[in-house]
Structures are given as structure tokens and as C-alpha cells.
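Spelled out from the first residue to the last, the chains are:
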Amino acid sequence: MAAEAGGAKPVRIGTRGSPLALAQAYETKRRLGEAFPELAPEGMVEIKIIKTTGDMILDKALSEIGGKGLFTKELDVALLGDEVDICVHSMKDVPTWLPDGTVLPCNLPREDSRDVFICNKAKSIAELPAGSVIGSASLRRQAQILARNPNVKVVNFRGNVQTRLRKLSEGVVDATMLAVAGLNRMNMQDCVTSILDWDEMLPAVAQGAIGIQCRSDDATSLKYLAALNHPETKVCVDCERSFLAELDGNCKTPIAGQARVIEGKLHFKGLVAMPDGTQMFETEKVGALADAVKIGREAGEDLKEQAGPEFFKALYAALPPPTPKPAVA
């Protein structure tokens, strides 16, 4: 462990090991060093890679193996066990509930939250010929793809960004979709065929945002994270996560939601759909930044009223059942 600088102890960052997760962890390390000179010397911010269940099971869709928590559970354990001081997350992977004893007080400035379409055969989803195969592990993307082009097929497509692009180049699928944010953070924009605006593909809740979690009683980490927090991003993410919580949504449900600040007002758009894209309900809300959580909750309530209980009953019946956990010998 590095010698303490000016009385400060090294900060231990917990992160997944994918190239994107590491890029986000190193961005956090850089920002900590810039904001706090005592953390700038080499060794004063350590990065600890933690393997998660979501990284290890790649042959099944997230909707089949448990949803968002698969990318955070092991990080939560490390944080609560004092193996790390903070955890850096892609916010769209974080469940709307947090384990007792932890908080998520910090969002870094948000990247472009839109999705990209990547294909060598067509410039858009609508232009893909019948029978084309699109690779995506996201039910949110699947529902919106099929709503716009019901003649294509969507297949489970997981792995890190590099793995997905390699499979695309090998012809495993005809097209795929990724988040602009991840490609920007890894300087991989050259692979993009087109960037999809919200009207064509509404992004996932909290897409493009990095969140940093710590223990609720860790005053030092709370001080560091308060300095790194980007208020506008946090307002938008809080609104979106409130919307998701109201709908009790995760990776098992085709839900999308995005908020942005325009001329001092919070503008939110959300949707819920059937996985096959045959039914889709949308909502839009505008309000004060201070009412972000309320706006998200009311948007969720609006969709529940629009769709009605029968829609949600049919939705849950249409979702794949979770994979049974192996018996313990």
C-alpha cells in the first residue's frame, strides 16, 4: 500500500474488470487526483477489480438470470466488507434499491445518453431487410426495434463492447446496438453507423451516467464524492430511477426513461412496452428540478394508469422465466 500523503489514506476503488468499467474507474481516479492534491500521488487511489456474476454468465440474457443486480452484488459485498472504499458503476446497471449501509451520493457529468446502430448492411433499423438478425441483450432495445421493424429477428447478444463488435464483423449477426457513452469513453466512435435520437430509440434509465457508491458512515469518502458530484446529472438520474422504481422495473422489463434540463426545467420522457413491440405506452412530464423524484414517480403512475393491470399481467407472462439456481451439494 502507498505511503499516506499528508495524512490521507489511499482510496480503494472497486470496479468490474471490463474495458469500459476500467475506463470509468480511471476517470474517477483522475477526477479525485484533480480535486484533492493529496490523492494525486501514484498509489493514493487504488483500483481493485471485482468479478461479478453478470460478467461470468454470458450465454444467457440478463432477463433470464436475475437482472441488474448481477453487476453490483459482489461490489456491494466488497464495499460492506471494507475491501474497497468506493464503487464505480454504470448507473443503468444499478438496482433502484441499495443495500443498507450504502449510499450513492455522486454522479459524474453525464456522457451522451443515446444509443447507436452499428451495421454494414443498412443505415437504420427501418432499412434492414426482412429476416435480418440484430444482436441485443436488452429487452428495452428489442421492444423498440420490433415496434419499428417487426420483420427482423432480435437474438441475445452479450459480452463486452469489443466482443460484440468482433461477433458482428464475423457475421454472427447483421447489426447490433450499443450506448454512445461507452464508445466515447473508449474512443471507439469510428464503428458507429448512426446515432439514434430519443424518438427512434429511447435510452435506458440512467444510461450514460457514472455513479459512485460508498458506505453511509464513511465521512472521508462522502467528502470526496461531494466534490465530484455533478448536480444536473444527479437530478436527471434521480428522476429516471424514481420512474423505474414506480414501475418496479429492471432488466426483465422493457422500460425506457430519460430526463434532461432545458432552460431550467426538467423534461422527462418514459415508456413501457411488450417485448415483441406490439404494445407501447409513453409519457412526458415537465417540472421543477427540485421535484425530480416526484416527476419520475408521477410518470410511472401515468404509465400504469394508461396501460392498466391487464397489460402488466400479460407483460410479466411474456417474460422469460429466471434460470434456476444450481442446487448446493
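Please read all numbers here as calculations on a predicted model, not as lab measurements.

Enquirer: Can you tell me about the packing of aromatic side chains, naming the residues and giving the values?
Expert: Within the structure shown, the criterion is met by five aromatic pairs. Summarising the aromatic geometry, the rings of Phe-281 and Phe-311 are spaced 5.1 Å apart at their centres and angled 80° between planes, so their arrangement reads as edge-to-face. Here the residue Phe-281 occupies a position in strand E13 (residues 280–288), and Phe-311 occupies one in helix H10 (residues 292–318), the gap between them amounting to 30 residues. There is no split in this pair, since Phe-281 and Phe-311 are both buried. With 5.2 Å between their ring centres and 85° between their planes, Phe-311 and Phe-312 make a pair best called edge-to-face.

Enquirer: Any details on the packing of helix H9 (residues 231–246) against H10? Residues and values, ideally.
Expert: Viewed as axis vectors pointing N to C, H9 and H10 meet at an angle of 30°, and their least axial separation amounts to 7 Å. As H9 runs across H10, the sense of the crossing is right-handed. When H9 is examined against H10, the residues Val-235, Asp-238, Cys-239, Ser-242, Phe-243 and Glu-246 are found in contact with a partner set consisting of Ala-292, Val-293, Ile-295, Gly-296, Arg-297, Ala-299, Gly-300, Glu-301, Leu-303 and Lys-304. When grouped by side-chain class, the residues that make up the contact of H9 with H10 number eight nonpolar, three polar and five charged.

Enquirer: So what's going on with the sheet that holds strand E8 (residues 175–179)? Which residues, and what values?
Expert: Reading across the sheet, the five strands line up as E7-E6-E8-E5-E9 and stay open at both edges, with mixed pairing between neighbours. Looking along the sheet, the strands with just one partner apiece sit at the ends: strand E7 (153–155) and strand E9 (194–196). Direction aside, neighbouring strands of the sheet carry axes that sit 30° apart on average. Along the sheet face, helix H5 (residues 139–148) touches strand E5 (115–119), strand E6 (133–135), E7 and E8 and points at about 130° away from the line of E8. Where helix H6 (residues 161–169) meets the sheet, it contacts E5 and E8, and its direction lies at approximately 160° from that of E8.

Calculation notes
- Residues numbered from 1 in each chain as written.
- Predicted model: local features only at pLDDT ≥ 70, side-chain atom pairs only at ≥ 80, totals over all residues.
- Heavy atoms only, no water.
- Phe/Tyr/Trp six-rings, centres within 6.5 Å; stacked < 30°, edge-to-face > 60°.
- Helix = DSSP H or I, 4+ residues; strand = E, 2+ residues; numbered from the N terminus.
- Buried < 20%, exposed > 50% of the residue type's maximum accessible area, 1.4 Å probe, protein only.
- Axes fitted to C-alpha atoms, helices over the stretch in contact; angles between N-to-C directions.
- Left-handed = near helix turned anticlockwise from the far one by under 90°.
- Contact = heavy atoms within 4.5 Å.
- Nonpolar A, V, L, I, M, F, W, Y, C, P; charged D, E, K, R; others polar.
- Pairing = 2+ DSSP bridges.

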